[in-house]
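# Observations on the model geometry
The chain contents come next:
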Amino acid sequence: MTSVIAAPAGPVPVAPARRAARRRANRRRRLTVLAFMSPWIVGFGVFFGYPLVESAWLSLNHYDLLSKPHYIGLANYRYMAHDPNFWPGVRNTLWMICIAAPATVLFAFAAAMLLTRIRRGSGFFRSVFYMPTLAPAVAATLGFVYLFNPNTGPVNRVLRALHLPQPLWFDDPHYAKPSLTILGIWGFGTIMIVLLAALLDVPTQLYESAELDGANAWHKLRHITLPTISPVLLFALITSIIDALQYFTQGYVAATVAGGGDAGAGVGSSLGYPQNSTMFYPVWLYQQGFRYFAMGYASAMAMVMLVVAVVFTVLLLRSSRLWVHSAAGRAS
Amino acid sequence: MTAATLGRRPRGLTRRGRVHSIRRQRFLYGVGRYSLVIAGAVMFLAPLLFIALTSLMTDAQALSPRWWPHPFQWSNYSTIFEQTDVPRYMFNTMLYAVLATVGLLLSSIPVAYALARLRWRGRQAVFVLVLATMMMPTQVTIVPLYVMFAKLHLTGTLAPLIVPNWFGDAFTIFLLRQFFLTIPEEYADAARVDGAGELQILLRVFVPLARPAIAAAALFSFLFCWNDFFGPLTYIGESQHNWTLSVALSNFRGLYHVQWNLTMAATVVFMLPVIVVFLLAQRAFVQGVTLTGVKG
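These figures come from a predicted structure and were not determined experimentally.

Rules used throughout
Once a new chain begins, its residue numbering starts again from 1 and follows that chain's sequence as written. For naming, the first written chain is A and the first written ligand is 1, with later ones following in the order written. Given that the model is predicted, a residue must reach a pLDDT of at least 70 before its local features are reported, and side-chain atom pairs must reach 80 or more before they are shown or counted; all residues, however, enter totals for whole chains, interfaces and linings. Each helix is a run of DSSP H or I of at least 4 residues and each strand a run of E of at least 2, with the numbering of both proceeding from the N terminus. Remark: C-beta atoms are placed from the backbone, and a residue is labelled buried if 20 or more other C-beta atoms sit within 10 Å of its own, exposed if 12 or fewer do, or partly exposed between those counts. Here contacts are defined at the residue level, using C-beta atoms placed from the backbone and a cut-off of 7 Å between them. Ten residue types, Ala, Val, Leu, Ile, Met, Phe, Trp, Tyr, Cys and Pro, are classed as nonpolar, four, Asp, Glu, Lys and Arg, as charged, and the remainder, Gly among them, as polar. Think of each axis as a best-fit line through the C-alpha atoms, taken over the contacting stretch in the case of a helix, with angles from 0 to 180 degrees between the N-to-C directions. Helix crossings get a hand from a simple test, with the near helix turned counterclockwise from the far one by less than a right angle marking a left-handed crossing and a clockwise turn marking a right-handed one.

With that out of the way, let us pick up the overall build of chain B. Across its full length, chain B carries 16 helices and zero strands. Per-residue burial for chain B yields a buried fraction of 44% across its 296 residues. Here the analysis covers contacts within chain B between residues at least 6 apart in sequence; of these, 75% occur between residues at least 24 apart.

What follows is about helix 12 (residues 249-259) of chain A. All names here are of chain A. The buried count for helix 12 comes to ten of eleven residues, which makes it a mostly enclosed element. Taken as a whole, helix 12 has its buried residues at T249, Q250, G251, Y252, V253, A254, A255, T256, V257 and A258. Immediately beyond the C-terminal end of helix 12, within one or two residues, lies G260, with a positive phi of roughly 75°.

Residue and element names in this part refer to chain B. With seven of ten residues buried, helix 7 (residues 142-151) lies mostly within the body of the structure. Along helix 7, the positions that sit buried rather than exposed are I142, V143, P144, L145, Y146, V147 and F149. Of the residues one or two after helix 7, H153 is the one with positive phi, at around 60°.

Contact residues are listed per partner, giving 78 residues for chain B and 81 residues for chain A. At twelve residues, helix 2 (residues 11-54) of chain B tops the list of elements feeding residues into the side of chain B that touches chain A. Residue composition of the side of chain B that touches chain A, grouped by class: 51 nonpolar, 23 polar and four charged.

Time to look at the packing of helix 4 (residues 86-117) of chain A against helix 8 (residues 176-186) of chain A. Residue and element names in this part refer to chain A. Two elements in contact, helix 4 and helix 8, have axes separated by 9 Å at closest approach and are oriented at 35°. Crossing of helix 4 against helix 8: the hand is right-handed. Between helix 4 and helix 8, the residues in contact are N92, W95, I99, A100, A103, T104 and F107 and K177, L180, T181, G184 and I185, respectively. Of the residues in the contact of helix 4 with helix 8, the class split is seven nonpolar, four polar and one charged.

Once that is clear, we can look at unusual backbone geometry. For the peptide bond that leads from Y273 of chain A to P274 of chain A, omega is -10°, which places it in the cis range. Look at the link from H70 of chain B to P71 of chain B: it is a cis peptide, with omega at -5°. Of note, N276 of chain A is a non-glycine position whose phi angle comes to about 65°, a positive value. As for its placement among the helices and strands, N276 of chain A is situated in the loop between helix 12 and helix 13 (281-291). Note on N276 of chain A: 20 C-beta atoms within 10 Å, which makes it buried. Unlike most non-glycine residues, H153 of chain B shows phi in positive territory, near 60°.

Here's what the structure looks like:
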């Protein structure tokens, strides 16, 4: 700063002084950036980078937290093929990814479409549809296990009154995941709001001109609405898939509560109840790591999960050019 | 088609007929839409209503086909607070949510600013990294993190849940960056002409202007912590006096012998703060969601 003022008066040539000042300003700017970024840099290193590397290393070890890690090569990965709960875990999680996630997006889309079509009270209905999203997952799951209780729950009582079949819901291996899907649809609020915002952004002139051309509701949906909001729809679908990949809480709580087992208990717990139908991949990972303290094997499972997550994240980032832009544009 | 019909019939009558039928069609569509949306709303509210009603029943009523409590047993709530450790769990949850949220805001605001408004090499790459961490399932890093905190003798306490939030949170950074990008550069330039440094610009210009986004971020963080289950279960599942409400509730039925009425009362106690906050701050929520497309 001072040299800039002193430069013209002093014997030093003008240009180097200016360059020095610029260099100093540059360094200061870099230091500012570094200072501003420092929390993230530390956090990224300590709570993300390091655990990732450590996880890769632990996955090649036998480790139970008490004794020292013991290198066993790829044995953990080989064991996956024989692990009786690994493939059920994969299948159940795939079920959530392929069926529950798209179903949730579909219902959220339908609700958002409906909300754009009503004038009076749309704010009220939007709140009603959004609110369940906020219910804590543990509380919501508990509530649903009660509501869908085969004998005493109100759902089956209504079905009985209507002479409809009354499934055992959370107690039937064929109905446990559909029950969880209903719970998921009940909590579709976030996706619905995102889609609603996208739908309201579709220029109304497009619809008006289509109407003049004699387009019916289906044509408008197929040729205007869907193409316009497809990036947002894609975004919603991929984030739902990533959520489904780490689906844990509802599965864990439904199994322990419906199964009647105490969650705190060790080996004999009812995780996966009924008949492993809610043994999701992350639930099994948790059980291996924190009930059996097979930390090496849990790390190996985590590495497999990482690969899958990276694939979906790359897909999401590829499509992000579309949605990051639209999100920024909408706010301005 | 319309031209053909117009040709055959007297003009006035047709138009009146058409207007009439269009009106009727519109009216029917409207009725259809409203019945759908009302039916949906009833189905969405029913679970909450049933949970609330059951929380006021006696134990026997909760298992009977009766759906309206008779008599209303309000004492379920005092039972919850007096005979269980719910107040303690509530305090733990509060502590976790408040300390995590404060740290998350303090650490994420400058990072978001640097990513949105400072120009530096590698900024885009770092932003992509932030997005990538946001998408990473928690289970991917949980084992080494647990080992790390165990070595520091911090498992069984709330520290492993709170501390990481003091080092920037990807979702919050993303949300605030998106908002900071929308603030016109002229505001910052005006401050710069007055000789303000970047920190002053951030604190005096951007933070006040971004108050709605910061409020939304705080809300999301608070809610995330309040609802969080995987973290508390993993780190403090074994030490009951540090349980949060979510962990306590997942054990509730085991601890209190399958009393649905008390379990539902605890569920209401757990849900109510969230719903009240939502009703008070609806706009911040909706804005936050539309800004990012994601919930925390």
